[in-house]
Amino acid sequence: MIASTKIIPDMPPAALPRVLLIEDDAKIAADVAEELSLRGFAVTVAETGTQGLESATIAAFDVMVVDRLLPGLDGLALIEQLRRQGDRTPVLVLSALSAVDDRVGGLKAGGDDYLTKPFAMEELAARLEALLRRPIETRESVLRAGPLVLDLIERSVRRDERAIELLPREFRLLEYLVRRPDRVLTRDMLLEDVWHYRFIPQTNLVDVHIGKLRRKVDAPGETPLIHSIRGAGFMLRTTG
Amino acid sequence: MRRPAPIGGRIFGTGILGTRILGTGIFGTSTFRLSLGSAGFLLAALLLQSALIFWQTTSYQIMRTDLLLAREAALITAQSRPLLDQQLRMRASDDLHLLIAGAGLFDARHHVLNGNLPDYPEGLQPDGPVQQLVVHPTGQGPRIVRAQALRLRNGDILVLARGLRDLEEVRFVVLRALLLCAVPSTLLAVAGGAWLSHRALLRVGIMHRAVDRIMAGDLHERLPAGRERDDLDRLAGSVNRMLDRLEHLLDEIKGVGDDIAHDLRTPLARVRTRLERARNLPPERDRVGEMLDRAIADLDQCFSVITALLRIGEIENGRRRAAFATVELTEIVDDIVDLYEPIAEARQIALLAGRCEPVRVHGDRDLLIELVANLIDNAIKFTPEGGRVEIGARARDGAAVLHVADSGPGIAAAEREAVLGRFYRSDKSRHVPGSGLGLSLVGAIGRLHDARITIADAGSAPGPGCLIEVALPIRHHAIAVP
């Protein structure tokens, strides 16, 4: 049932992104591994910090998911150890605590993202995807995604020949989407990255912002670019 | 290594302690020790008093004796020799030799000529001051006397001595009075102390039993405090007030527990029903998917309640002051207004940032953002379409005052304090999405920042509206960041 393996030599095909999951709760580990496998990740599970460090040192992974509290070697200590060894594999830290202090500690230790339990599997998958595929960084002042053209200097947007008037906050949001085309972006990711807020809003804030942007970007009769992904978030779809 | 005793053990242990105190009895009580102390002081005072009386009486007696001696001497020396001899003989055989213990006439070389003193008193200076010494009158034992020697014109020396027997009597009387007084007083003090201790012990015993009952779980039990006339009563009164507060808090938590259970139970029950129906449906994808979506939405509602509760608990644990820094309140207000504008717009509510002055406060930026966001969120949620929400920040009376006013139904005066408290959910909030704990969160963040939060009517039409003011201690430039 679990598509994961603890045996290092049986490495999955290189085409699938390889995830090392270090989590001591066997049940959570099994669930997460299964879910991630279904979403096209090749998952390796380690149950203790020491075991995880060993796996990470022997084999190369594309991304790691590390529980904050682990028996043996603590999650943060493990990340620090890896970073000292020169391992730059992106790490997502999992924690049962939602303290911001904790998050800061996790990022300071060398973690790249932070997620608190309980979390939706879509959220984890989307964040792993984000860690695997870094946003498009370009020296050019013009970003393109499908029919969209963003001029970062003039702060202007065109869809094919149609000019789109955007408020500054809408431009920021669209820029974030355009830099990450064809990826699921969750509400929390948008709130954190576009607005830099960590709190959980009581209302569907992000949906409203996306809705407003969508009405401007996708005019009636045009192929919709901004899509809602059920149960997960949103996506700027530039293909098909 | 010392380890804290488990709670059960601690209660048991205290029970035993209580019994042990009762077991040592009256003599172990502080009241009894206090009584013994008082009795000791009383005794000391009596002794001192007696000593003073004795000293005073003695001095008076001696002074009087000396005076009499001087007068007598003057009288006797003024008389002719035969008369003097006669007088001396009379005095020596006088019944009154209680008073005049001795009289004697000696020649210049201290040979006795007349009187009842066989020897010249040693060390007595003729014409000197009155001296106290021991004489041996004929036919009597040694006596302590006040004596005076006078040189007569022919060179003989007249010695007159007065006994101090009455002084001994005074000493005896004073001593007897002291004993008569001290013994019953001491006995009375000890007995009274024992009685008072017994009474105190009874009261303490009652209190111990009451405390044991409280620890056994009977939180309605109170200590007997009477009318708080003495210290024990006042202490009991204080303990009772503390118990009132604890009971209130426990009730509150219990109420909150019930509320939360209810809040979680309702959506969970719906989730269950939906999942069950989805399972029994023929796999038409649309219907099943729709039901699952709704089930997920219900679960999200549960999560939002749990997350908010955890968040409040976390903030109230107060570990986060480490992240305090100087924060520009107005910037936060502008950012949050920008964030919430589309929502307000969608609900046709005018969101206005008014009366904003730059004010700096000492606080946690992320938490203050959360506070402002929750205030606006709350205001927008409860304001009907077409209404308005206004937010602003300014300095007033040495505080940075953040205000959010809306034209909604307002918050009933009776509920105003409670909504900011921990885990309070107004009935109204049950029918709107979200955890319903937004203001509890605001309250928790406010408390962490020593803020004073007030809720009032906004005085807007058509509803009474709601005006929430958060007064944060202002950040002065002069104060160095610790």
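Owing to the predicted nature of the structure, the values given are computational and were not obtained by experimental measurement.

Draft legend 1. Representation of the overall build of chain B. A tally of helices and strands in chain B yields 10 helices and 12 strands. A burial count over chain B gives 27% of its 482 residues as buried. Taking contacts inside chain B between residues at least 6 apart in sequence as the whole, the part at least 24 apart equals 64%.

Draft legend 2. Just the overall build of chain A, in detail. Counting secondary structure elements, chain A contains eight helices and 12 strands. A buried classification covers 36% of the 240 residues belonging to chain A. Pairs at least 24 residues apart make up 60% of the contacts formed inside chain A by residues separated by at least 6 positions.

Draft legend 3. Spatial organisation of unusual backbone geometry. Residues and elements named next belong to chain A. Positive phi is not limited to glycine here, since Asp160 has a value of about 50°. Inspection of the secondary structure assignment puts Asp160 in the loop between β8 (156-159) and β9 (162-164). Asp160 gets classed as exposed once you count the C-beta atoms within 10 Å, which come to 9. A positive phi angle, near 65°, is found at His196, a position not held by glycine. As for its placement among the helices and strands, His196 is situated in the loop between α7 (187-194) and α8 (205-217).

Draft legend 4. Representation of the confidence of the model for chain B in the model. Residues and elements named next belong to chain B. Here chain B shows a mean pLDDT of 79. Residues at 70 or above account for 85%. Low confidence marks residues 478-482, where pLDDT is under 50. Its contacts with residues over four positions away, or in another chain, come to two contacts. For this predicted complex, the interface confidence comes out at an ipTM of 0.80, alongside a pTM of 0.63.

Draft legend 5. Spotlight on the sheet that holds β8(A). All names here are of chain A. Within the open sheet, the four strands sit side by side as β6-β7-β8-β9. Their pairing is antiparallel. Strands at the two margins of the open sheet, each flanked by one partner only, are β6 (142-145) and β9. Put simply, the sheet's adjacent strands are angled 20° from each other on average, direction ignored. With three bridges joining them, β8 and β9 adopt antiparallel strand pairing. If you follow Arg158 over to β9, its bridge partner there is Ala163.

Draft legend 6. Up close: the nonpolar core. Of all hydrophobic cores here, the largest spans 112 residues; its most connected members are Val19(A), Leu21(A), Val372(B) and Ile376(B). The leading source of residues in this core is helix α8 (residues 365-382) of chain B, at 11 residues. What Val19(A) contacts, discounting residues up to four positions off in sequence, is Leu36(A), Phe41(A), Ala42(A), Val43(A), Phe61(A), Val63(A), Val65(A) and Leu128(A). Listed in part, the 17 residues of the second largest apolar core include Ala147(B), Ala149(B), Leu158(B) and Val159(B).

Draft legend 7. Representation of helix α2 (residues 49-58) of chain A within the structure. Residues and elements named next belong to chain A. Among the residues of α2, those classed as buried are Gly49, Gly52, Leu53 and Ala56. All buried residues of α2 project into a common sector of 100° when viewed along the axis, lining one side. Buried residues belonging to α2 abut β1 (18-22), β2 (42-46), β3 (63-67) and α3 (75-84).

Draft legend 8. Inspection of the pairing of β3(A) at higher detail. Residues and elements named next belong to chain A. Among the five residues of β3, five are classified as buried, and the element is accordingly described as predominantly covered. Because side chains alternate across β3, one face comprises the buried residues Val63, Val65 and Asp67, and the other comprises Met64 and Val66, equally buried. Where β1 meets β3, four bridges bridge the pair, whose relative direction is parallel. Each residue of the ladder has a partner; that of Leu21, found in β3, is Val65. Across four bridges, the pairing between β3 and strand β4 (residues 91-95) is parallel. Counterpart to Val66 in the pairing with β4 is Val93. In this region the chain leaves β3, passes through α3 and returns to the parallel neighbour β4; the handedness of that crossover is right-handed.

Draft legend 9. Summary view of the packing of α2(A) against α3(A). Residues and elements named next belong to chain A. At their nearest, the axes of α2 and α3 sit 10 Å apart, and the two run at 25° to each other. Relative to α3, the element α2 lies roughly parallel. Helix-helix and strand crossings are classified by hand; for α2 and α3 the assignment is right-handed. Of the residues in α3, those in contact with Gly49, Gly52, Leu53 and Ala56 of α2 are Gly75, Leu78, Gln81 and Leu82. Among the residues forming the contact of α2 with α3, the class breakdown is four nonpolar, four polar and no charged.

Draft legend 10. Seen up close, the environment of Leu69(A). In this structure, Leu69(A) sits in the loop between β3 and α3. For the pair Leu69(A) and Leu94(A), spaced 25 residues apart in the sequence, the C-alpha separation amounts to 8.6 Å.

Draft legend 11. Structural detail: the packing of α8(B) against helix α10 (residues 438-448) of chain B. Residues and elements named next belong to chain B. Between α8 and α10, whose axes approach to 9 Å, the crossing angle comes to 145°. Taken as a pair, α8 and α10 cross one another with a handedness that is left-handed. Listed contacts from α10 to Leu367, Glu370, Leu371, Asn374, Leu375, Asp377 and Asn378 of α8 are Gly438, Leu439, Leu441, Val442, Ile445, Gly446 and Leu448. Here the residues of the contact of α8 with α10 are counted per class, giving eight nonpolar, four polar and two charged.

Draft legend 12. Up close: the sheet that holds β4(A). Residues and elements named next belong to chain A. On the basis of which strands lie adjacent, the open sheet formed by five strands has the order β2-β1-β3-β4-β5 and parallel pairing. If you trace the sheet from one side to the other, it starts and ends with β2 and β5 (113-116), each paired once. With strand direction ignored, the average angle separating the axes of adjacent strands in the sheet is 20°. Bridging between β1 and β2 involves five bridges; their strand directions are parallel. Paired with Arg18 across the strands is Ala42, a residue of β2. Lying on the sheet, helix α1 (residues 26-38) is in contact with β1 and β2; it crosses β2 at an angle near 165°. With respect to the sheet, α2 is in contact with β1, β2 and β3, its orientation differing from that of β1 by roughly 160°.

What counts, and at which threshold
- Residues numbered from 1 in each chain as written.
- Chains lettered and ligands numbered in written order.
- Predicted model: local features only at pLDDT ≥ 70, side-chain atom pairs only at ≥ 80, totals over all residues.
- Helix = DSSP H or I, 4+ residues; strand = E, 2+ residues; numbered from the N terminus.
- Buried ≥ 20, exposed ≤ 12 C-beta atoms within 10 Å, placed from the backbone.
- Contact = placed C-beta atoms within 7 Å.
- pLDDT = per-residue confidence, 0-100.
- Pairing = 2+ DSSP bridges.
- Axes fitted to C-alpha atoms, helices over the stretch in contact; angles between N-to-C directions.
- Core = buried A, V, L, I, M, F, W, Y, C linked by C-beta atoms within 7 Å.
- Arc of directions from axis to C-beta.
- Right-handed = clockwise from strand over helix to strand, strands pointing away.
- Parallel < 35°, antiparallel > 145°, perpendicular 65-115°, else oblique.
- Left-handed = near helix turned anticlockwise from the far one by under 90°.
- Nonpolar A, V, L, I, M, F, W, Y, C, P; charged D, E, K, R; others polar.

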